[in-house]
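Fold and geometry: a report
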Amino acid sequence: MVLPLIITLIIALVIIAITVNVVQQHRERMQALKRAEFTKLRHALDESEEILFNAANVPLSAGLSLMLLKRISYLLKAMVELEPGQRDLKHRLEETGARITELSKSAEGIADNVGLPDNDQQLLAMMKGIKKLRSMLRAEHARGNVETQLVVDEDRRLDLLQLRISVESQIKRAKSARSNGMLGSARQYFEKALAYLNGTSHQNDYVSSRISEARMALEEITQELKQGNAKDIEKRGEKDNKDIDELFAPKRKW
């Protein structure tokens, strides 16, 4: 009687140990997934807040600001569900909700002709910010959080801003190269700017004026290169004539 009882207890203990181990592994796996999801949400939150709080790099309309705030609110809610004990997240969620309510009453727009920074690093940061913002805009539209017309209008505005950054940076380099006598490089920069302009679907005064400017500059550079080549040919001709004259000149007797 004692032996079967001992065997039964041993088997029960083994089963309990296996069950506890399986439960523990499942709990650890769920905690790891939870941490990974929380980190993913934190990264998305940081990106959204970075763009919202650095509007100098990416000019925002009221519609885009509202979209970002709603995105931040959604991310904070998801993070609170994962970590309900973090009071700072709940406080930030309440503040974001208040800002959404306040901004929803505003109809403030933004001028189309946004000034561009002169610094190349600032231009690069602006370009990166615009790309991230366009990606977020499409993602929020896919979730049904943004109206289609807002996506169409803002995406077109941001696309034009990207075009301006690309064109202005090329024209700036072209003018610098031309002033330093690097006509070949200047021509390449103007040609690249013209390629951007010809490849866009935007038709406005900015595009028209920059196309005219680039074409005129390319014509002038072509003429300058031709004149430079003509002068080089003339100099080479003079040198060749001089060499021939020296070759057939009477030999001096010493």
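What you see is a predicted model; the values in this text were computed from it and never measured.

Analysis parameters
Residues numbered from 1 in each chain as written. Predicted model: local features only at pLDDT ≥ 70, side-chain atom pairs only at ≥ 80, totals over all residues. Heavy atoms only, no water. Helix = DSSP H or I, 4+ residues; strand = E, 2+ residues; numbered from the N terminus. Expected span 1.5 Å × (residues − 1). Buried < 20%, exposed > 50% of the residue type's maximum accessible area, 1.4 Å probe, protein only. Axes fitted to C-alpha atoms, helices over the stretch in contact; angles between N-to-C directions. Parallel < 35°, antiparallel > 145°, perpendicular 65-115°, else oblique. Left-handed = near helix turned anticlockwise from the far one by under 90°. Contact = heavy atoms within 4.5 Å. Nonpolar A, V, L, I, M, F, W, Y, C, P; charged D, E, K, R; others polar. Phe/Tyr/Trp six-rings, centres within 6.5 Å; stacked < 30°, edge-to-face > 60°. Lys NZ or Arg CZ within 6 Å of the ring centre and 35° of its normal.

Glancing now at helix 2 (residues 62-82). Spanning 21 residues, helix 2 covers 30 Å between terminal C-alpha atoms, matching the ideal 30 Å at 1.5 Å per step. By the criterion of burial, helix 2 is predominantly enclosed, with 15 of the 21 residues buried.

Quick look at the packing of helix 1 (residues 2-53) against helix 2 now. Following both chains from N to C, one finds helix 1 and helix 2 inclined at 160°, their axes separated by 9 Å at the closest point. Accordingly, the angle class assigned to the pair helix 1 and helix 2 is roughly antiparallel. Read as a crossing pair, helix 1 and helix 2 show a hand that is left-handed. Contacts between helix 1 and helix 2 pair Lys 34, Glu 37, Phe 38, Leu 41, Arg 42, Ala 44, Leu 45, Ser 48, Glu 49, Ile 51 and Leu 52 from the former with Ser 65, Leu 68, Leu 69, Arg 71, Ile 72, Leu 75, Leu 76, Ala 78, Met 79 and Leu 82 from the latter. Residues that form the contact of helix 1 with helix 2 fall into these classes: 14 nonpolar, two polar and five charged.

Take the packing of aromatic side chains next. Tallying each qualifying case throughout the model produces zero aromatic pairs. Geometry around Tyr 206 places Arg 164 over its ring, the cationic atom sitting 5.7 Å from the centre.

None of this, on its own, says anything about what the molecule does.
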